[in-house]
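Tertiary structure, described
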Amino acid sequence: MENGFQYLVQDDFRLENGDVLKEVRITYHTIGTFQPNRSKVIWVCHALTGSSDVADWWSGLFGNKAYFDDESYFVVCANCIGSCYGSTGPLSVDESANHYFTEFPLVTTRDMARAHELLRIQLRIPEIDLLIGP
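On a predicted model such as this, the values are computed, not experimentally measured, just so you know.

Before going further, it helps to examine the overall build of the protein chain. Per the secondary structure count, the protein chain includes 2 helices and 7 strands. Relative to the globule expectation of 14 Å for 134 residues, the C-alpha radius of gyration of the protein chain, 15 Å, shows essentially globular dimensions. Across its three principal directions, the C-alpha atoms of the protein chain cover 45 × 25 × 20 Å. Buried positions account for 40% of the 134 residues belonging to the protein chain. Of the roughly 8,000 Å² that the protein chain leaves accessible, carbon and sulfur atoms contribute 50%. One finds the centroid of the 10 positive side-chain charges in the protein chain at a distance of 6 Å from the centroid of its 18 negative side-chain charges.

See below:
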């Protein structure tokens, strides 16, 4: 079974360039059920233009009866900040209730990785067994 969620980072998110994003949203999907003593955790990094619905675009690899099946693995795929699939990005609304559009600050891959790390902590995942992506 596949689930889509959104995590709201309550604290200010300081980007590597010094800009600050308020209330960063991280959209993500999971496959399977996290069981700390039984599940192997796979974190999927998608291409910036991909959604976090990994079962949609990598269905032969992830999902029910796939290579990484939902009974043995807990799979997380989170949208990068700056993407157009639900995480905070150019179409998000800023503090003035206006869309960022071209005013969205530049984000680095380190910024994206830090956002994913906040999500990993929020999900209480102590260890990732496999990190994979296109």
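One non-glycine residue, Glu23, lies in positive phi territory at about 45 degrees. Relative to the elements of secondary structure, Glu23 occurs in the loop between strand E3 (20-21) and strand E4 (24-31). Its relative accessible area of 47% is what places Glu23 among the partly exposed residues. The backbone phi angle of Lys65 is positive, close to 65 degrees, even though this residue is not glycine. Position of Lys65 among the secondary structure elements: in the loop between helix H1 (54-57) and strand E6 (73-78).

About the cut-offs
Residues numbered from 1 in each chain as written. Predicted model: local features only at pLDDT ≥ 70, side-chain atom pairs only at ≥ 80, totals over all residues. Heavy atoms only, no water. Helix = DSSP H or I, 4+ residues; strand = E, 2+ residues; numbered from the N terminus. Rg over C-alpha atoms; globule rule 2.2 N^0.38 Å. Buried < 20%, exposed > 50% of the residue type's maximum accessible area, 1.4 Å probe, protein only. Areas by Shrake-Rupley, 256 points an atom, 1.4 Å probe, with all protein chains shown as cover. Lys, Arg positive; Asp, Glu negative; His and termini not counted. Charge placed at Lys NZ, Arg CZ, Asp CG, Glu CD.

By themselves, these observations are geometric and do not establish any function.
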